[in-house]
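Fold and contact review
What follows is each chain in one-letter form.
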Amino acid sequence: MNIAFNNHKPVLLEAISKYESLISDGSNIFDGTFGGGGYSDYFLKSKTDVHIYACDLDQNAIDYYISNNSKSNKLQLVKSNFEDYISFFNSSFFDIIVADLGYSSNQLDFSNRGFSYLKGDEVLDLRYNTDDDLPAYQKIRLLKTDRELSKVIFQYSGETFSSRIGKNLFAFISANNQVIYVSEIVKSIEASIPKKFMHKRNAILSRVWQALRVWVNNEFDSLENFLVTSLDKLKPSGMLMVTCFNSLEDKIVTKFMRNASKKDIVDDFGNTEQFFEIITKKPITPSDLEIQNNIRSRSATLRIIKKI
Ligand SMILES: C[S@@+](CC[C@H](N)C(=O)[O-])C[C@H]1O[C@@H](n2cnc3c(N)ncnc32)[C@H](O)[C@@H]1O
């Protein structure tokens, strides 16, 4: 990738840095969503001798980082889904596991894969990993009915007009055997919004985009699998930190952490033990200053759970 590719501002890094005391010489850290490397870079620059195991689904993110940074033997960076990569490690291996979900600002601005409804001339691709699966518009063509598409939109965004949007979008994409551009999808969605709700256009477009992206990348299944495996990979006192950008993924993380922190029965006498403790009773959210400097951070929530 030759174009400028540096627009990333790691979200909620200040909050994460408060847990620096967890890191000591020899600590192992897992960064499941490397992106522009903001979180990994922070850990790399901490004074101690840490080992960072990082992955991203997007080869461009990895290539860009490698070609712009000197090699460090503290960082192992691979192209992988976090749910797969974490499963390679031994139990009780990591002091910190971080995941900063969704897409990066670099992907939004420079990937040319239609991550924003504002990028009319980009193809509706929406994949993090372009070596796998199909771009969004082709995946939609594989659906059998408009109801399947409406269901995807509703399930992954809760959009009220999902039926009308799914119907029109499916008809448009199925009738067309060419590459489909973002501007064409926007037009089809706009035609599905009743006139008196047009003032909600931007929110509706954002929701549909979220739904299609989550579906194309199978984001919620990956997240659920990753969360389950992560707990096993934490050392005692180790922490899992997850940053979410929408209420549906935050719900998955909250429910998961709540269940994991429940007391388990450990013997025939009904004695119970708690194995994990929620550190963030309420999610950590960005300060006004962070939101001012990085508007994308406004919807971020950070939740942390600790192995006892
Ligand atoms: C919000 S960005 C991460 C930003 C990063 N923390 C930083 O400071 O630059 C999310 C990144 O996660 C990647 N990603 C999304 N889902 C993934 C998954 N299941 N496995 C691995 N990487 C994933 C995306 O390609 C994107 O680069």
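Residues numbered from 1 in each chain as written. Predicted model: local features only at pLDDT ≥ 70, side-chain atom pairs only at ≥ 80, totals over all residues. Heavy atoms only, no water.

1. So, helix H9 (residues 182–192)
For H9, the set of buried residues is Val182, Ile185, Val186, Ser188, Ile189 and Ser192. Down the axis, H9 shows its buried residues gathered within 165 degrees of arc, on one side only. Among the exposed residues of H9, those pointing more than 90 degrees away from its buried face are Lys187 and Ala191. Considering only its buried residues, H9 is in contact with helix H8 (162–174) and helix H10 (201–216). (Buried < 20%, exposed > 50% of the residue type's maximum accessible area, 1.4 Å probe, protein only. Helix = DSSP H or I, 4+ residues; strand = E, 2+ residues; numbered from the N terminus. Arc of directions from axis to C-beta. Contact = heavy atoms within 4.5 Å.)

2. A few points about the pairing of strand E4 (residues 94–100)
When you tally the buried positions in E4, you get 7 out of 7 residues, the bulk of the element. Here 3 bridges tie strand E1 (residues 28–31) to E4, and the two strands are oriented parallel to one another. In the sheet register, Phe30 faces E4, and the bridge partner there is Ile97. Looking at chain direction, E4 and strand E5 (residues 234–244) are connected through 6 bridges and run parallel. Bridge pairing in E5 links Val98 to Met241. (Pairing = 2+ DSSP bridges.)

3. Thoughts on the pattern of salt bridges
Overall, the coordinates contain 10 salt bridges when judged by the stated rule. For Arg201, the salt bridge identified is with Glu190, shortest N-O distance 2.5 Å. A residue pair is termed long-range when its members are at least 10 positions apart, and Arg201 in helix H10 and Glu190 in helix H9 qualify at 11 residues. Among the residues examined, Glu190 registers a relative accessible area of 23% and is labelled partly exposed. (Salt bridge = Lys/Arg side-chain N within 4 Å of Asp/Glu carboxyl O.)

4. Comments concerning the packing of H8 against H9
For the pair H8 and H9, interaxial distance at closest approach is 8 Å and the crossing angle is 140 degrees. Relative to H9, the element H8 is oriented oblique. The interaxial crossing formed by H8 with H9 has right-handed handedness. Each of Arg164, Ile165, Asn168, Leu169, Phe172 and Ile173 in H8 lies in contact with H9, whose residues at this interface are Glu184, Ile185, Ser188, Ile189, Ala191 and Ser192. In terms of residue class, the contact of H8 with H9 is built from 7 nonpolar, 3 polar and 2 charged. (Axes fitted to C-alpha atoms, helices over the stretch in contact; angles between N-to-C directions. Parallel < 35°, antiparallel > 145°, perpendicular 65-115°, else oblique. Left-handed = near helix turned anticlockwise from the far one by under 90°. Nonpolar A, V, L, I, M, F, W, Y, C, P; charged D, E, K, R; others polar.)

5. Digging into the domain arrangement of the protein
What the domain assignment lists for the protein is domain 1 (13–106 + 219–307) and domain 2 (130–216). Its C-alpha centre places domain 1 at a distance of 31 Å from the equivalent point of domain 2. Taken together, the contact between domain 1 and domain 2 spans 7 residues of the former and 7 residues of the latter. Taken together, both faces of the contact between domain 1 and domain 2 bury some 640 Å²; the carbon and sulfur share is 50%. Considering only the side of domain 1, the residues that lose the most area to domain 2 are Glu219, Phe220 and Leu248, jointly responsible for 57% of the buried surface there. (Domains from an automatic or database assignment. Buried area = accessible area lost by both parts, 1.4 Å probe.)

6. Re the site of the ligand
The ligand sits among 23 residues. The nearest are Gly36, Asp56, Phe82, Asp100 and Gln107. Between the ligand and the protein, one listed contact pairs an oxygen atom with a backbone N or O atom of Gly36 at 2.9 Å. Asp56 places a polar side-chain atom, nitrogen or oxygen, 2.7 Å from an oxygen atom of the ligand. Protein chains shield 96% of the accessible area of the ligand, which is 610 Å² for the free molecule. Its residues assigned to classes, the shell around the ligand comprises 8 nonpolar, 12 polar and 3 charged. (Near = heavy atom within 4 Å. Polar contact = N/O pair within 3.5 Å; in protein donor to acceptor, adjacent residues only side chain to side chain. Areas by Shrake-Rupley, 256 points an atom, 1.4 Å probe, with all protein chains shown as cover.)

7. Things to note about the packing of aromatic side chains
Summed over all chains, the structure comprises 19 aromatic pairs. Summarising the aromatic geometry, the rings of Tyr53 and Phe93 are spaced 5.6 Å apart at their centres and angled 65 degrees between planes, so their arrangement reads as edge-to-face. With Tyr53 in strand E2 (residues 51–56) and Phe93 in the loop between helix H4 (82–85) and E4, this pair connects stretches of sequence that are 40 residues apart. Taking the relative accessible area as the measure of exposure, Phe93 reaches 21% and is therefore partly exposed. Ring centres of Phe82 and Phe226 lie 4.4 Å apart, and the angle between their planes is 35 degrees; this geometry places the pair in the tilted category. Highlighted residues: Phe82 in helix H4 and Phe226 in helix H11 (residues 219–233), separated in sequence by 144 residues. Across the pair, exposure class does not vary: Phe82 and Phe226 are buried alike. Pairwise contacts between aromatic rings join Phe30, Tyr53, Phe82, Tyr85, Phe89, Phe93, Phe94 and Phe226 into one cluster. (Phe/Tyr/Trp six-rings, centres within 6.5 Å; stacked < 30°, edge-to-face > 60°.)

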